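Given next are the chains, with one letter for each unit.
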Amino acid sequence: MPVPGRFYITTPIYYVNAEPHVGHAYTTIMSDILARHHRQRGDDTFFLTGTDEHGDKIARAAAELGRSPQEHTDVISARFRDLWGTFGLSHDFFIRTTDAAHKAGVQAVLERIHAAGDIYKSTYGGWYCTSCEAFYTEDDLVDGKLCPQHGRPVEWVEEENWFFRLSAYRDRLLALYDANPTFVRPAHRLNEARRIAEAVEDISISRANVTWGVPVPWDPEHVVYVWVDALLNYYTALAYAIGDADVTERFWPPDLQVLGKDILKFHAVIWPALLMAAGIEVPHGLYIHGFVLKGGERLSKTTGNLIDPLPYVERFGIDALRWYLAREIRFGEDGPFSDEGFDGRYHSELANELGNLLNRTVSMIERYRGGDVPADPGDDGALAAEVTERVAAVTAAFDSADVTGAAEEAWKLVRRLNQLVEERAPWTLARDDARARELDQALSSLAEGLRVAVTLLWPYMPGSSERALASLGQPAESPSLVSAAWGGGVAGARVALTGPLFPRIETEAA
Ligand code: MSP
């Protein structure tokens, strides 16, 4: 069971063989939304991301560019770090597997597994895909020669390696899935993990002919298999992420590990077994998301259909990208990325539904009440109950890591408030002095409802949410969920009209 009040969340660490693209941004942004929601709840939160820099694939990518592996990883890792910085992502630490402290941490854990008797030497031959950094059997291959993930030719690799006795953990893995059915979510992914675990065989955890990696401590002729090195980042980071303070005790084990479906086997099967072997507590849960697709295909370097997220952020703003990804692609499933879809959600939802609602509310308060939000006459009990229900629904969706579901719940409030404007028609009430109380109620309910709505939306659109709060005359910075209770707004707030929250953007074709 997760520790209440604490939230340690991780993204996979990104390979530095390619430039960051929308697929990477997707995993990181979804995790950022989850981290921000938990911070809003007051949870002691730690959000980790970073880059995966060892292995043959990286060494080859560097060689192709005439760089040393270290030069190459320095360049590409910085691209990821800078881009996440430009996007204002809220990770607490950015790990690099070339960090000396990480390498020492990997060696220490391996020594523990070795001492436990679960590592042995043997000869292994298999079909190796450098893109996956993984072995396949004959049966796994497409047409007997291509990698099932990348459709690229595999290579026969045979060498003497160190092996991890993964097969010995089969029953313990199955018992873990039975004891903790939310260890892997969504539920159908747990079944996939179970199927893989049922058939596990021992795995090679070292490579003899690769030099770009962490040396095996008792046999430095070998380097640690890149996946083992990479998985351990989630554990090693806590020892040195915050300067001298080792925060392993405070945050271990992770409450949620977010990852794409292509790397389920490594995280749901190999990872917990490695931890069990080292005597380290396993994570509380993994959340497996789908792929961002373009023209029906996964974005990837291999298919050559990568999308650079930066131009979208430059044109529409980071909050628009965050919202589009969270809303368009149901978290846990595949979903499309298209310019038309992006433009549509931006203009119909962000600009029209939310932006106009704010603009109308603030303008009416200025016009009819001189800019002062009227005190709540207290006649809108039903609406207050509805808002309270929405807050609970958003929180419940986040409890299931349902990023898309929580967005939908929060958006229902935006739609309800737009409906309220039409129902109450404040412009009609304003013409009749006898209806001043009704007008006060309509305006104060709109201001209060909007305040709660943008507070709930803060994890998705932090900058826009803070601008909206400021124009409603409310404290804006990192609004807590406690403040999302109806009636929690600052009394006597003074609104201030600012430019549109989401300005209309001319489409290129126009
Ligand atoms: N380095 C490994 C992970 C090691 S974690 C201990 C790796 N790196 S990756 O850069 O190839 O992918 C990292 C993450 O990005 C994965 O979760 C992957 O699913 C995600 N995505 C890469 N392309 C994607 C899409 N097109 N759509 C959604 N996510 C995708 O695997």
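Across its full length, the protein chain holds 18 helices and 17 strands. Taking 510 residues into account, the globule formula puts the C-alpha radius of gyration at 24 Å, and the protein chain, at 26 Å, falls close to it. Here the protein chain holds 510 residues, and the buried ones make up 58% of them. When contacts within the protein chain are restricted to residue pairs at least 6 apart in sequence, those whose partners lie at least 24 apart make up 76%.

Before going further, it helps to spend a moment on the site of the ligand. Inspection of the region around the ligand gives 25 residues, with Ile13, Asp52, Gly260, Asp262 and Val292 positioned closest. At 2.8 Å, a backbone N or O of Ile13 approaches a nitrogen atom of the ligand. Note that a nitrogen atom of the ligand is positioned 3.2 Å from one of the backbone N or O atoms of Leu299. Surface burial for the ligand is 96%, taken as the share of its 660 Å² of free accessible area covered by protein chains. Those elements that provide at least two residues to the shell around the ligand are β2 (14-15), α1 (22-40), α7 (226-231) and β13 (256-260). Here the shell around the ligand gets four residues from one element, more than from any other, and that element is α1. Its residues assigned to classes, the shell around the ligand shows 14 nonpolar, eight polar and three charged.

The next thing to look at is the packing of aromatic side chains. In this structure the tally under the stated criterion is 33 aromatic pairs. Between Tyr14 and Phe80, the aromatic rings sit 5.5 Å apart at their centres with planes inclined by 5°, giving stacked as the arrangement. Separated by 66 residues along the polypeptide, Tyr14 in strand β2 and Phe80 in helix α3 (residues 69-86) bring together distant segments of the chain. Across this residue pair, the class does not change: Tyr14 and Phe80 are buried. A network of ring pairs unites the aromatic residues Tyr8, Phe46, Tyr234, Tyr235, Phe251, Trp252 and Trp271 as a single cluster. Of note, Arg207 hangs over the ring of Tyr128, and the distance from its end group to the ring centre comes to 4.5 Å. Positioned over the ring face of Phe291 is Arg298, at 4.3 Å from the centre of the ring.

Turning to unusual backbone geometry, a few remarks are in order. The omega torsion of the bond from Arg185 to Pro186 falls at -10°, within 30 degrees of zero and hence cis. With respect to the helices, strands and loops of the structure, Pro186 is situated in the loop between β8 (184-185) and α6 (187-198). Omega for the bond connecting Trp252 with Pro253 falls within 30 degrees of zero, at 0°, which places this linkage in the cis form. On the secondary structure map, Pro253 appears in the loop between α9 (248-251) and β13. Its identity as a non-glycine residue notwithstanding, Glu133 has a phi of 55°, on the positive side. Turning to its location among the elements, Glu133 is positioned in the loop between β5 (119-129) and β6 (134-136).

Cut-offs and rules
- Residues numbered from 1 in each chain as written.
- Predicted model: local features only at pLDDT ≥ 70, side-chain atom pairs only at ≥ 80, totals over all residues.
- Heavy atoms only, no water.
- Helix = DSSP H or I, 4+ residues; strand = E, 2+ residues; numbered from the N terminus.
- Rg over C-alpha atoms; globule rule 2.2 N^0.38 Å.
- Buried < 20%, exposed > 50% of the residue type's maximum accessible area, 1.4 Å probe, protein only.
- Contact = heavy atoms within 4.5 Å.
- Near = heavy atom within 4 Å.
- Polar contact = N/O pair within 3.5 Å; in protein donor to acceptor, adjacent residues only side chain to side chain.
- Areas by Shrake-Rupley, 256 points an atom, 1.4 Å probe, with all protein chains shown as cover.
- Nonpolar A, V, L, I, M, F, W, Y, C, P; charged D, E, K, R; others polar.
- Phe/Tyr/Trp six-rings, centres within 6.5 Å; stacked < 30°, edge-to-face > 60°.
- Lys NZ or Arg CZ within 6 Å of the ring centre and 35° of its normal.

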